[in-house]
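# A look at the structure
For reference, the chains in residue letters:
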Amino acid sequence: MSLLEITDLTVGFDTEDGLVQAVRNISLTLDEGEILALCGESGCGKSVTAMSVPRLLPPDTTRLSGSVTLDGRELTTLPEPDMRHVRGKDVSVVFQEPMTSLNPSFSVGYQITEVLRRHEGLSRRAAGERALALLELVGIPAPARRMKEYPHQLSGGMRQRVMIAIAVACSPRVLIADEPTTALDVTIQAGVLDVFRDLRDRLGTAIILITHDLGVVADIADRAVVMYAGRAVEQATVTELFANPRHPYTLGLMKALPTAAVGGRLAEIPGMVPSPLSDPDECAFHDRCPRVQTDCRLSRPQLVRQAEGHLAACFHPGGQS
Amino acid sequence: MTEHAVAAGRAARRRRLWRRFRRRPMPMAGLVLVVGFVLLALAGPLVVGDPAAQDYLATLAPPSPAHLMGTDDLGRDAFARIAHGAQVSLQAGVLSTLLAMAVGIPIGLVAGFYRRWLDPVVMRLVDVTLAFPFLVFAVGLAAIIGPSLKGVVLALGFAQLPAVIRITRGEVLAVREMDYVAAAVADGAGDGHIILRYVLPNCASPLIVQATVAIPTAIIGESTLSFLGLGVQPPTPSWGVMLTTAQQYLSDAPWLAIWPGLMIALATLGFNLLGDGLRDVLDPRSGR
Amino acid sequence: MILRIDNLVKHYGQVRAVDGLSLEIAHGEVLGLVGESGSGKSTVGKCVLRLTDPTAGTIELAGRDITRLSRRAMRPLRRDMHMVFQDPFSSLNPRFTIEQIVGEPLLRHKVADRRGVSERVSAMLEKVGLRPEMRSRFPHELSGGQRQRVGLARALILEPKLVVADEPVSALDVSVQASVLNLITDLQRDMGFSCLFITHDLSVVEFLADRIAVMYLGKIVESGPKAEIFAAPRHPYTQALLSAAPVADPVRQRERRRIVLGADVPSPVDPPSGCRFHTRCPLAYDACRTDEPPLTDTRSNGHPAACHLITADRIPDAAAHR
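Residues take numbers from 1 onward in each chain, read along the sequence in its written order. All chains are assigned letters beginning with A, and all ligands numbers beginning with 1, in the order in which they are written. pLDDT decides what is reported in this predicted model: residues at 70 or higher carry local features, side-chain atom pairs at 80 or more are listed and counted, and totals for whole chains, interfaces and linings draw on all residues regardless. The side-chain figures draw on all heavy atoms in the structure; neither hydrogens nor water molecules are used.

Attention now goes to the domain arrangement of chain C. Residue and element names in this part refer to chain C. The domain limits used here are those given by an automatic or database domain assignment. The domains assigned to chain C are domain 1 (3-80 + 160-321) and domain 2 (91-159). If you average the C-alpha positions of domain 1 and of domain 2, the two centres end up 30 Å apart. Across the contact, 16 residues belong to domain 1 and 13 residues belong to domain 2. Throughout, buried area stands for the accessible area (probe radius 1.4 Å) lost by two parts on being put together, summed over both. Around 1,300 Å² of area is buried between domain 1 and domain 2 when both sides are counted, 73% of it from carbon and sulfur atoms. Salt bridges are defined by distance alone: a side-chain nitrogen of Lys or Arg within 4 Å of a carboxyl oxygen of Asp or Glu. Along the contact surface separating domain 1 from domain 2 lie zero salt bridges. Counted as a polar contact is a pair of N or O atoms within 3.5 Å, where, for protein atoms, one must be capable of donating a hydrogen and the other of accepting one, and residues adjacent in sequence contribute only when both atoms are in side chains. Run the count over domain 1 and domain 2 and you get two residue pairs in polar contact (both at pLDDT 80 or more). Numbering of helices and strands runs from the N terminus, with a helix taken as a DSSP run of H or I at least four residues long and a strand as a DSSP run of E at least two residues long. In terms of residues, the side of domain 1 that touches domain 2 owes the most to one element, helix H6 (residues 174-191), which gives seven residues. Contacts are residue-level and defined by heavy atoms, with any inter-residue pair within 4.5 Å sufficient.

With that settled, consider the interface of chain B and chain C. If you look at the interface, chain B gives 29 residues, while chain C gives 30 residues. Approximately 2,900 Å² of surface area, both sides summed, lies buried where chain B meets chain C, with 51% of it carried by carbon and sulfur atoms. At the junction of chain B with chain C, the criterion picks out one salt bridge. Asp 191 of chain B serves as the salt-bridge partner of Arg 71 of chain C, at 2.5 Å between the closest nitrogen and oxygen. Along the contact surface separating chain B from chain C lie 15 residue pairs in polar contact (both at pLDDT 80 or more). Of all the secondary structure elements, the ones that give two or more residues to the side of chain B that touches chain C are helix H1 (2-22), helix H7 (179-187) and helix H8 (191-227) of chain B. Each residue is assigned to one class: nonpolar for Ala, Val, Leu, Ile, Met, Phe, Trp, Tyr, Cys and Pro, charged for Asp, Glu, Lys and Arg, and polar for all the others, Gly among them. Taken together, the residues of the side of chain B that touches chain C sort by class into 13 nonpolar, seven polar and nine charged.

Contacts between chain A and chain C engage 39 residues on the former and 36 residues on the latter. For the pair chain A and chain C, the two sides together bury roughly 2,900 Å², of which 56% comes from carbon and sulfur. Across the chain A-chain C interface, the total number found is three salt bridges. Applying the counting criterion to the chain A and chain C interface returns 15 residue pairs in polar contact (both at pLDDT 80 or more).

Moving on, we come to a nonpolar patch on the surface. All names here are of chain B. On the surface, Ile 144, Ile 145, Leu 154 and Phe 158 cluster together into a nonpolar patch covering about 370 Å² of accessible area. Looking at the nonpolar patch, the elements that each hand over two or more residues are helix H5 (134-145) and helix H6 (149-175). Exposure categories follow from relative accessible area, calculated using a 1.4 Å probe and restricted to protein chains: below 20% of the type maximum is buried, above 50% is exposed, and the middle band is partly exposed. On the accessibility criterion, Ile 145 (39% relative accessible area) is partly exposed. Nonpolar side chains (Val, Leu, Ile, Met, Phe, Trp, Tyr) within 5 Å and like charges within 9 Å form the patches, drawn only from residues with over 30% relative accessible area and no salt bridge. Areas reported here follow the Shrake-Rupley algorithm with a probe of radius 1.4 Å; residue values treat only the protein chains shown as occluding.

All names here are of chain B. Counted charges follow a simple rule, with Lys and Arg positive, Asp and Glu negative, and His plus the chain ends left uncounted. A single reference atom marks each charge: NZ on Lys, CZ on Arg, CG on Asp, CD on Glu. Judged by side-chain charge, Arg 15, Arg 19, Arg 22 and Arg 23 come together as a positively charged surface patch. If you trace the backbone, Arg 22 turns up in helix H1. Arg 22 gets classed as partly exposed once you look at its relative accessible area, which sits at 46%.

A word on the nonpolar core. Nonpolar side chains tend to gather and get buried jointly when the protein is soluble and globular. Ile 112 and Ile 164 of chain A, Ile 194 of chain B together with Val 102, Leu 152 and Phe 197 of chain C are the most contacted members of the largest nonpolar core, which totals 151 residues. Per-element accounting of this core gives the leading share, eight residues, to helix H8 (residues 186-203) of chain A. Beyond its immediate stretch of four places on either side in the chain, Val 102 of chain C contacts Val 121, Met 124, Leu 125, Val 150, Ala 153, Arg 154 and Ile 157 of chain C. By nonpolar core is meant a set of buried Ala, Val, Leu, Ile, Met, Phe, Trp, Tyr and Cys residues that side-chain atoms within 4.5 Å join together. Counting residues in hydrophobic clusters, the runner-up holds 35 residues, among them Cys 44, Val 53, Val 174 and Ala 206 of chain A.

Residue and element names in this part refer to chain C. Any two strands with at least two DSSP bridges between them are considered paired. Spatially, S2-S1-S4-S5 is the arrangement adopted by the four strands of the open sheet, whose pairing is antiparallel. The strands lining the two open edges of the sheet, one partner per strand, are strand S2 (15-25) and strand S5 (64-65). Judged from the two bridges that link them, strand S4 (residues 56-61) and S5 form a sheet pairing that is antiparallel. Paired with Leu 61 across the bridge in S5 is Arg 64. Every axis corresponds to a line fitted to the C-alpha atoms, with the helix fit spanning only the stretch in contact, and the corresponding angles, defined between N-to-C directions, vary from 0 to 180 degrees. Across the face of the sheet, helix H1 (residues 41-48) comes into contact with strand S1 (3-12), S2 and S4 while running at roughly 115° to S1.

In this section: the environment of Asp 77 of chain B. All names here are of chain B. On the secondary structure map, Asp 77 appears in the loop between helix H2 (25-47) and helix H3 (78-114). Since its relative accessible area comes to 16%, Asp 77 is described here as buried. Sequence separation between Asp 77 and Pro 62 is 15 residues, and the spatial gap between their C-alpha atoms is 10 Å. The residues touching Asp 77, leaving out its near neighbours within four places in the chain, are Ala 53, Ala 66, His 67, Leu 68, Gly 70 and Thr 71.

Within a sheet, adjacent strands bond to each other through the backbone by hydrogen bonds, running parallel or antiparallel. Residue and element names in this part refer to chain C. Taken in spatial order, the six strands line up as S6-S7-S8-S3-S9-S10 in an open sheet, and their pairing is mixed. Only two strands of the sheet have a single neighbouring strand rather than two, namely strand S6 (81-84) and strand S10 (219-225). On average, each strand axis in the sheet is inclined to that of its neighbour by 15°, with strand direction left out of account. One ladder, built from four bridges, connects S6 with strand S7 (residues 162-166); its direction is parallel. By the bridge assignment for S7, Met 83 is matched with Val 164. Lying on the sheet, helix H5 (residues 144-156) is in contact with S6 and S7; it crosses S6 at an angle near 175°.

On to the domain arrangement of chain A, then. All names here are of chain A. Here chain A is described as being made up of domain 1 (4-228) and domain 2 (245-321). The straight-line distance from the C-alpha centre of domain 1 to that of domain 2 is 29 Å. Between domain 1 and domain 2, a total of about 1,100 Å² is buried, with carbon and sulfur atoms accounting for 65% of that surface. Three residues stand out in domain 1 for area buried against domain 2, namely Arg 24, Leu 214 and Tyr 228, and they jointly supply 55% of the buried area on that side. A salt bridge links Asp 279 to Arg 24, with the nearest nitrogen and oxygen atoms 3.5 Å apart. In this assembly, domain 1 and domain 2 are joined by five residue pairs in polar contact (both at pLDDT 80 or more). With five residues, strand S2 (residues 18-30) is the single largest residue contributor to the side of domain 1 that touches domain 2. Of the residues in the side of domain 1 that touches domain 2, the class split is six nonpolar, two polar and three charged.

Looking now at the pattern of salt bridges. Here the structure, examined in full by the defined rule, presents 47 salt bridges over all chains. Linking Asp 198 of chain A and Arg 202 of chain A is a salt bridge whose minimum nitrogen-to-oxygen distance equals 3.0 Å. Here Asp 198 of chain A pairs with Arg 202 of chain A, and both are found in helix H8, just four residues apart, close to one helical turn. Between Asp 276 of chain B and Arg 279 of chain B there is a salt bridge, and its shortest N-O distance comes to 2.7 Å. With Asp 276 of chain B and Arg 279 of chain B both in helix H10 (residues 255-282), this residue pair falls three residues apart, about one helical turn. Each member of the salt-bridge network shares a partner with another, and the members are Arg 24, Arg 231, Asp 279, Asp 281 and Arg 300 of chain A.

All names here are of chain A. With respect to the helices and strands, the residue His 316 is situated in the segment after strand S12 (310-312). For His 316, the side chain forms a polar contact with the side chain of Asp 295, separated by 2.9 Å. Not counting chain neighbours up to four residues away, the residues in contact with His 316 comprise Arg 291, Gln 293, Asp 295 and Cys 296.

Residues and elements named next belong to chain C. A positive phi is found at Glu 159, a non-glycine position, where the angle reads about 50°. As for its placement among the helices and strands, Glu 159 is situated in the loop between H5 and S7. Its identity as a non-glycine residue notwithstanding, Ser 300 has a phi of 50°, on the positive side. Examined against the element boundaries, Ser 300 turns out to sit in the loop between helix H11 (286-290) and helix H12 (308-311). What makes Ser 300 exposed here is its relative accessible area of 63%.

Encoded structure:
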């Protein structure tokens, strides 16, 4: 049994235009000490999938089915008070925007110690010591001084490190990081990614990393799930995925990177993502796909095994290259 | 072809906004109330009899088939007076709001767009006037201008002015930072063109919402001023004037107070519900 | 030279956004201006288009000093240069149709009557790959990629000599970004405009720039032909930038030697003394803290850098970082 198991998860939202299906029939697992990347372009459902775990979705408009278990315990039906405990202790989240995720009216030290005292029941003194150790853990120089500072006094990179420190304060089993470095400069990003790597190595934290950046995936993830139009289209270990991308969408994403230019041109993916309002019984990628054939329009390909630990949802997957 | 394409695009936008509006029950109720109020004000006086005609045989009569809403102390038909009063209320509400917008929007646009010395001067004046409660300010102005419908419109219009200036300026400050304004400057567009074609249209939504809040405020303002004798003078029927009279007969003829009171409440409620709905539909941040 | 910037300074109150920057763009050349947030790169673009007034220095467009021209005097010159913005959502007037947005510059500069506008807008939309029925749409009905194409159409409809593009693809998804980058390349080849391409993303300028200038805290630290910069970056900051951008290849990425920069980016309100990069530079020594290194082309190969180690010929070859 894996630490976290998501089985047949489907998430929709009620909107004025009708039910928008953000995630459709996703299944995935996360092991202890593993970094799993959820990648894909905007609107593919990667954030919604991950946020279904701590149930951080608007409760009155969300339509969710399927199962999410942490250590075998079902989370989707857990009463809200118990869920609150899970959110504080077992599953924590780091968001993209470090400025808006910190409370501007309290010092950094207060915000970390508050979490420790509430969830771990530590004394003020013990919490202060732990907080100092945490700031050190996430690579903040002169942590004692930083404790007294307020969020606006910190740079973007430092704020994101503080967010990570707060997120790991109660040693969560699962850390969800939603585009944690997207708002940061590239020279700062490298350091923050190192913090995640370090957390996994030292504390064994399992991490779900939501990102659109294949470079970040290649740098830090063990395994990756590529999502398109709410579904997982490919899933593999990172080395396998980049060496042998089977799904034409995955391959398209890799070839569209500016560094992959051939003869002064980039490979484009023509067309647009289908509307999340409809769900015809066909491959969602078929009208953008260079390998499309008749069967792609007749039924939807399921995720099937391509190689050891490598799944792809395509009738005409690319072969070993 | 050009005009046609533009017109087609605008029509599509209007249809979409209407579709979004129509689905909301409360704003639709507001729209019905407002339309009813406007109809009463425009068509009512043509249908009902003379509001000054006295029926000496039926003074302070309760509602009956002859007098749907009863009569007042002089035997005048309450329904006829309500309908004519609606006209006064509508005039006071719409004209004073138009006045405030006509004067306030240009000031807000110029102050917000140019900043420099003008903005702080205007804004300090606005802050000072906003320190007075709206009705106190209106009462003071009406006392200076003198009691008449024209006086009411002027007093309410100027009392609304600071709010209009402030909202316009706030929107202008946000809009002028948008890249499309920078793009217009990069095109070589002049300030007048930028203010009229880029800034003003993009400030329009909150101003329309503000108007739907200002009109009912002015309607209450008119009633209050008239009630206090600072507004429309008897025998001209106004809901406020009617309330003044009704006060004396509250126990004998309560309907005389109920009708104008109810009308003021419904008209105000209607505009406010409509305004809430427009805010939701027009706010670009609430999705499209 | 279509554009020559000499010793440009722009201060916003205390903030020294641009602090003595010089660069040149030749006719038909694409210059990639690379920097991280707070480097002042966007301010340079705004000064060039005179959307903001420079504090000091000179800007010459096609040999003419435009630094202190009045807004009125600038107007006719605006035919020759235009801008493409980063945010596809705020750069198009939401109250205008696409045809109005793209046709506006034509009417403004009176180069076409109403009928002519319609024809030229159609032709331009086709050039940027938008279907003719888009003309009657409003911006919010378009996807981010389509809006950026509209932004390009508006910027290019007067066939300007210089286009300033400020992060035009940064807000787009990879697959959309690829098609917009291809489009910019095609348009640039067909129309031959010069381009100041401002970005934080080295891989984007590697794809489309001819020359690259790297900015740090309001100054250029290194510039040169693209191939030179990528093959042999000379300034430690450029080297760090190149090494920090992860490559989409796990095997290679995990073997790369990365230069980890110390500390945070200092505030442009109070930039460090000496070399502005010394607080983060792994190679800094005494002179870096006190003396500001000039931008010098030590090998006279059009690849100057501002670093004491280079003038002292002590910098290690950094090609291995890529």
